[in-house]
Structure formats: structure tokens, C-alpha cells
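Listed here are the chains, written in short residue letters.
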There are 2 protein chains.
Amino acid sequence: MIEERAEILKSIAHPTRITIIETLRAGEKCVCDIIEEIGLEQSNTSQHLSILKKSGILDCRKEGARVVYWVCYPEIHDMMKVLDGILLNNAEKKSKLLQRVRK
Amino acid sequence: MIEERAEILKSIAHPTRITIIETLRAGEKCVCDIIEEIGLEQSNTSQHLSILKKSGILDCRKEGARVVYWVCYPEIHDMMKVLDGILLNNAEKKSKLLQRVRK
DNA sequence: TTATTATATTACAATTTCATAATATGATAC
DNA sequence: GTATCATATTATGAAATTGTAATATAATAA
């Protein structure tokens, strides 16, 4: 269980992969659109997509020559919100520490 | 923002670090107790603690010779629940696929 | 002061992750 | 058929992560 949790988290824990998840927030998209939005190499993007698919976060289907990907778990987006809350709080803590040091 | 999210997730995404977070679920603990519970090397445990502290997930204070750590954000435990839900769902999907293959 | 306990830090080799580049596959258009 | 577009896969070297072992620090006890 612990190992599996780590695997899923690792699959998300990369800037490009978080960007992909963010891009798919609005709904499913084909690879070519994803590539255009995030502006990275086709090969690299494809590898990141495959990592997210392997961990079960994304799924996809073929549509002619294209492949359409989507986020399987909307909860992922809530996780991102939680992360942003932590980020904000961390930032506040740091600035308070700085204030105290300056006094 | 994206980078920072990835940093936090990376800091959590390791079996030992998830175990540490789990151990601290019940409340703060000193390093010696954590080491005893998870049964890993002192040095290694200390390194993982420091990674979690650096990302802001954990904080600590000195108490005499000991150092007591705790989880700063209870939301982390909710995140783990979300992960377990995904794990379960992934497992179900896989078993359904297997069933279909066998028919 | 010296020994001991609790914890952190450093050095290092093994492994993993990453981006790039090149190539392969597979569907459609001509 | 061949060319082209969309995507995946493979190879590779550089960079980051990991665990172990050794060492350092800092607090308390003797």
C-alpha cells in the first residue's frame, strides 16, 4: 500500500506532468493539442503521458490517427488545491520568520 | 507554482517518507521513537526527515537531547486517503480487464 | 572531563530519472 | 502503392535520488 502510494505520487511529481494534468483539467485532449499547449517536444511529452497512464492517473483512446487523453480521477485536482494551500502557508511562515529576524 | 507543487509531491513520494508521515499521524514523536517504529537506519531516517522538513510538510523542535517532529498539514492525511481510493479503483479496473480477457 | 545518547551531516557508489535525438508504428491522404 | 501526419519507442548520457558507512555535533550523565 505504502509503495503503491509512493508510485502514484512519483508519477505526478514532475513539473511537466503536473502541467499536463492542468491542461486536461478542462477536459480530454488529443496529444497534438497537449503538445501545442505545453510547448514541449513530442517525444518527451509522449513519455510523460505514458508515465501518467501507467500509474492510472490518465487514460486514453484512439480516434483515427490521434490519441485522446483524460484525467481519470477528478480528485487529483483537489489534491492540487491542497498543495497550493500548503505552498501559501509555507510562504507565510517564511515571511514571518524573516520579519522576526529583522526586528 | 507548478514547480513548487512538484517539489512538495516529490518530497512525499517515497515509501519511507510516507511511512514517517503515517507514523506521525497519531501525533508528534521524537526521532528515536520514529526510528524504532519504522525500523530503519538512524542516518537514513534523519535524511528523510530533513527532506520532509525542508518541503514544509514536517516541523520539529528540540526537547533536551531529543528532537520532536510533527506533520504541519493534516490535509496530507486526506491526500493519502485520496491516493488509496485511486489505488483501489485502479485495482478494480485491472481485474475487470482480466475478466474480459478470460471470457 | 569523559562517556554516552540522540541526532545531523558528509562522502560515495549504485540506481533511477530525465531530456534529447533518432527511429518505428500506424492511420490517413494522395 | 508512397507521402505525410500523429504518436510511441528506444538509446544514451547527464543529473538527481537513494542507502550505507563514517564522522560530527550537541545534550546529558557519570
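Residues numbered from 1 in each chain as written. Chains lettered and ligands numbered in written order. Predicted model: local features only at pLDDT ≥ 70, side-chain atom pairs only at ≥ 80, totals over all residues.

Draft legend 1. Structural view of the sheet that holds strand β2 (residues 58–63) of chain B. Residues and elements named next belong to chain B. Spatially, the three strands line up as an open sheet ordered β1-β3-β2, and their pairing is antiparallel. In this open sheet, the two edge strands, each paired with only one partner strand, are β1 (29–30) and β2. Relative to strand β3 (residues 66–71), β1 is paired through two bridges, and the arrangement is antiparallel. Counted as the bridge partner of Cys30 is Val68 from β3. Helix-sheet contacts for helix α4 (residues 42–54) involve β2 and β3, and the interaxial angle to β2 is about 120°. (Pairing = 2+ DSSP bridges. Helix = DSSP H or I, 4+ residues; strand = E, 2+ residues; numbered from the N terminus. Contact = placed C-beta atoms within 7 Å. Axes fitted to C-alpha atoms, helices over the stretch in contact; angles between N-to-C directions.)

Draft legend 2. Spotlight on the interface of chain B and chain A. Listed per partner, the contact involves 25 residues of chain B and 25 residues of chain A. Residue assignment for the side of chain B that touches chain A shows that the elements contributing at least two residues are α1 (2–12), α2 (15–23) and α5 (75–102) of chain B. For the side of chain B that touches chain A, the per-class residue count stands at 15 nonpolar, five polar and five charged. (Nonpolar A, V, L, I, M, F, W, Y, C, P; charged D, E, K, R; others polar.)

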